[in-house]
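A closer look at the structure
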Amino acid sequence: MRIDKEVTHYKSRRKREIYLKLIVYIFLIALSGIFAFPLLWMISTSLKPETQVFVFPPQLIPRPVIWKNYIKVIPLMRFSITLLNTLVIVAGSVAGDLFSSSLVAYSFARLRWPGRDLFFVILLSTMMIPYVVTMIPIFVVFNRLGWVNTFKPLIVPSFLGNPFFIFLARQFFRTIPNDLSDAAKIDGCSEFGIYLHIILPLCKPILAVIGIFSFMGAWSDFLGPLIYLNNEDKWTLSLMLYAMRSAQAWQLSWPLLMAGSTIMTLPVIIIFFFTQKTFIQSITLTGIKG
Amino acid sequence: MVSKISKLRRKEVIMGYVFASPWLIGFSIFTVYAFISVIYYSFTDFNAFTHPNYIGLSNYVELFNHDDLFPISLYNTAYYACFSVPLGIITAFLLAELLNQKVRGLAFFRTIFYLPTVVPSVASSVLWLWIFNPNFGLLNIFLSILHLPTPLWVGSPEWAKPALILMSLWGVGGTMIIFLAGLQDVPQELYESAELDGASIMAKFMYITIPMMTPTLLYTLIMGIIGSFQVFTQAFIMTQGGPANSTLFYVLYLYRNAFQYFKMGYASAQALILLVIILILTVIVLSTSSKWVYYGGGA
């Protein structure tokens, strides 16, 4: 009798757990649908003819699929120029961030110098300063240097270190045992040699993370190009897409705007899919600090 | 021997500064010099091209006493922060909690929820402009199917801010990942022993999950406040601050003063006030944290 009761109790609990799991899955599927839908809608709209956009009820899968919008939007965005501009800035930023963050992190992680720990705390706290606070004086400096309307204001700061990347690299550098560099030092290897030949090759994973973050940041940056690049020949994809949205004649052509947005978004999504594991790990790392 | 060690030591110190020099230079220009300048500019009449002209507290007096748009921008930003930060944290927490239920396909769902955060801000702004389209936008199509009212969204002063808040919830993926990591760090034994004591799901959530997550909540709250006070791109692209200044956010108004009207001194004063506001809010949150943040987990 008693055992019977226990068994039914266990059964009902088991049943409840299954129901709960079911509810969790229903929620997850519904929510992921909601989260994914805008992007699917963007791609879908970009493959529809103008007239089909206003059909009710709306169709997620365009029939027929047309590529006309892409053929039209590429010359309109002056794609070859804007893409090249964007890639120049991206390449410069990635190179600068890799160079400066690894060098500075080496100093913070592996060398002892007076003021180091204080400067590290300062470095961390600069991450909290809103960018608008220093935006105006930095613009004034670059303007006096005659750098407005060039890519320099968007690239040079990367070579002078990004606190977040320095922090990421420093945490990683600290995990590498000192024996290796000590041995190299005894063999007469210079500090720069150790950095270049021992630490950097071992730190490829974190350099990859920094490179990806830097790429995404420079590719998507809007405010920087908006402030510094006035001449249309210097515009990036961000600025061009914004200009397309602003031009009155464009107001109505959603398929073209969505084609432009898709062109800008797809490369980032592809990179994200290939690197998401490292990506997500490093986001976790930033949270743990708090 | 001693001199050799001290020579080595001195070399290490020099190399330390040499290796750190990119950041030390960047820090002195982009933080220290910029900070001093922005304070100085805020007391001047300055258009970025001629010499700054000292005018004392005039910019601040003007902002607080004679500028109608300044309090509007402050109100809009506070409104946006008040809703987007807590709603964002709740949404992110809910998603993380769902993902933490030992589900199959975790990586798939996590990717879907995180994906919107990697979409370039210009692209997502244009996309949401289309979704919020009053007549043919995705959102109003759904609402009309459900026979619900279909507002003009970013086209109406009442709905523009809620629309941007709704859009901000699409980008909670980063916060969700941080919460998920936090949830996975909660010791499993706590739940097991609570189960033995017959604790319900709700009780476990209230008395184990929430307290153990408070340090992460504190971190995301502070970062959320700092971020939401700097909201700019969406409003700049989607609404240009309108309609009727309903989305004229703080940084948008600052940007206009600085780069459209070239009132750099005035915008510098705005920038400093923003810094002070954020600082005060952070201090308030931190000072209450001893009452609600639990540091027992040895994080």
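Our focus in this paragraph is the overall build of chain A. Each helix and strand in chain A was counted, giving 13 helices and zero strands. Going residue by residue from the N terminus, the α and β elements of chain A occur as α-α-α-α-α-α-α-α-α-α-α-α-α. For a compact globule of 290 residues, the expected C-alpha radius of gyration is about 19 Å, and chain A comes in at 26 Å, more than 25% above that figure. Dimensions of chain A along its principal axes, counting C-alpha atoms only, are 80 × 70 × 35 Å. Considering chain A as a whole, with its 290 residues, one finds that 37% of them fall into the buried category.

A tally of helices and strands in chain B yields 13 helices and two strands. For 299 residues, the compact-globule estimate of 2.2 N^0.38 gives 19 Å, and the C-alpha radius of gyration of chain B, at 25 Å, exceeds that figure by more than 25%. Here the C-alpha coordinates of chain B stretch approximately 80 × 70 × 35 Å along the principal axes. The contacts in chain B between residues at least 6 apart in sequence include a share of 69% that link residues at least 24 apart.

We now examine unusual backbone geometry. Of note, the amide linkage connecting G242(B) to P243(B) takes the cis form, showing an omega dihedral of -10°. Structurally, P243(B) can be placed in the loop between α11 (233-238) and α12 (250-260). Unlike most non-glycine residues, R78(A) shows phi in positive territory, near 45°. By the element assignment, R78(A) lies in the loop between α2 (68-76) and α3 (79-110). By C-beta crowding, R78(A) is classed as partly exposed, having 15 other C-beta atoms within 10 Å.

This next bit is on the interface of chain B and chain A. Contacts between the two partners involve 70 residues from chain B, matched on the other side by 73 residues from chain A. Among the residues forming the side of chain B that touches chain A, the class breakdown is 57 nonpolar, twelve polar and one charged.

Below, the discussion takes up the domain arrangement of chain B. Domain assignment breaks chain B into domain 1 (2-41) and domain 2 (67-292). In this structure, domain 1 of chain B and domain 2 of chain B have C-alpha centres spaced 37 Å apart.

Moving on to helix α13 (residues 264-292) of chain B. Between its first and last C-alpha atoms α13(B) spans 42 Å; for 29 residues at 1.5 Å apiece the expected length is 42 Å, and the two agree. For α13(B), the complete set of buried residues consists of M264(B), G265(B), Y266(B), A267(B), S268(B), A269(B), Q270(B), A271(B) and L274(B).

Taken as a whole, chain A is organised into domain 1 (2-54) and domain 2 (77-246). One C-alpha centre belongs to domain 1 of chain A, the other to domain 2 of chain A, and the line joining them spans 41 Å.

Right, let's get into the environment of Y219(B). Inspection of the secondary structure puts Y219(B) in helix α10 (residues 201-228). With 44 residues separating them along the chain, Y219(B) and T175(B) place their C-alpha atoms 9.9 Å apart.

With that out of the way, let us pick up the nonpolar core. One finds I136(A), I166(A), A169(A), L241(A), V126(B), M176(B) and L254(B) to be the most contacted residues of the largest nonpolar core, which totals 143 residues. Counting residues per element, this core draws most heavily on helix α3 (residues 69-99) of chain B, at eleven residues. If sequence neighbours within four positions are ignored, I136(A) has contacts with V38(B), Y41(B), A258(B), M264(B), A267(B), S268(B) and A271(B).

Residue and element names in this part refer to chain B. On the secondary structure map, V283 appears in helix α13. Taking the C-beta count within 10 Å as the criterion, V283 has 10 such neighbours and is therefore assigned exposed. Through-space distance from the C-alpha of V283 to that of Q188 is 33 Å; in sequence the pair is 95 residues apart.

Bringing the confidence of the model for chain A into the picture now. Looking at chain A, pLDDT values average 89 and 94% of them are 70 or higher. The spread of mean pLDDT over the elements of chain A runs between helix α8 (residues 178-186) of chain A, the lowest at 82, and helix α6 (residues 152-159) of chain A, the highest at 97.

It is worth spelling out the packing of α3(A) against helix α7 (residues 163-173) of chain A at this point. All names here are of chain A. Orientation of α3 relative to α7, taken along the N-to-C sense of each, is 50°, at an axis distance of 8 Å. Compared by their axis directions, α3 and α7 come out oblique. Pair α3 / α7 crosses with right-handed handedness. For the pair formed by α3 and α7, the contact residues are D97, S101, S102, V104, A105, Y106, F108, A109 and R110 on the first element and F165, I166, A169, R170 and F173 on the second.

A few words now on helix α5 (residues 131-144) of chain A. All names here are of chain A. Its 14 residues give α5 an end-to-end C-alpha distance of 20 Å, which sits within 8% of 20 Å, the value for a rise of 1.5 Å per residue. At P137, α5 shows its maximal bend, which comes to roughly 25°. For α5, every residue scored as buried is listed here: V132, V133, T134, M135, I136, P137, I138, F139 and V140. Backbone geometry just after α5 places G146 at a positive phi near 75°.

Looking now at the confidence of the model for chain B. All names here are of chain B. Model confidence for chain B is summarised by a mean pLDDT of 92, while 98% of its residues fall at 70 or above. Mean pLDDT in chain B bottoms out at helix α9 (residues 188-196), which sits at 89, and peaks at α3, which reaches 97. Model confidence for the complex is summarised by a pTM of 0.91, with the ipTM given as 0.91.

This part takes up the environment of L24(B). Along the polypeptide, L24(B) turns up in helix α1 (residues 2-41). Sequence separation of L24(B) and Y261(B) is 237 residues, and the distance between their C-alpha atoms is 33 Å.

Conventions we followed
Residues numbered from 1 in each chain as written. Chains lettered and ligands numbered in written order. Predicted model: local features only at pLDDT ≥ 70, side-chain atom pairs only at ≥ 80, totals over all residues. Helix = DSSP H or I, 4+ residues; strand = E, 2+ residues; numbered from the N terminus. Rg over C-alpha atoms; globule rule 2.2 N^0.38 Å. Buried ≥ 20, exposed ≤ 12 C-beta atoms within 10 Å, placed from the backbone. Contact = placed C-beta atoms within 7 Å. Nonpolar A, V, L, I, M, F, W, Y, C, P; charged D, E, K, R; others polar. Domains from an automatic or database assignment. Expected span 1.5 Å × (residues − 1). Core = buried A, V, L, I, M, F, W, Y, C linked by C-beta atoms within 7 Å. pLDDT = per-residue confidence, 0-100. Axes fitted to C-alpha atoms, helices over the stretch in contact; angles between N-to-C directions. Parallel < 35°, antiparallel > 145°, perpendicular 65-115°, else oblique. Left-handed = near helix turned anticlockwise from the far one by under 90°. Bend = angle between axes of the 7 residues up to and from the residue.

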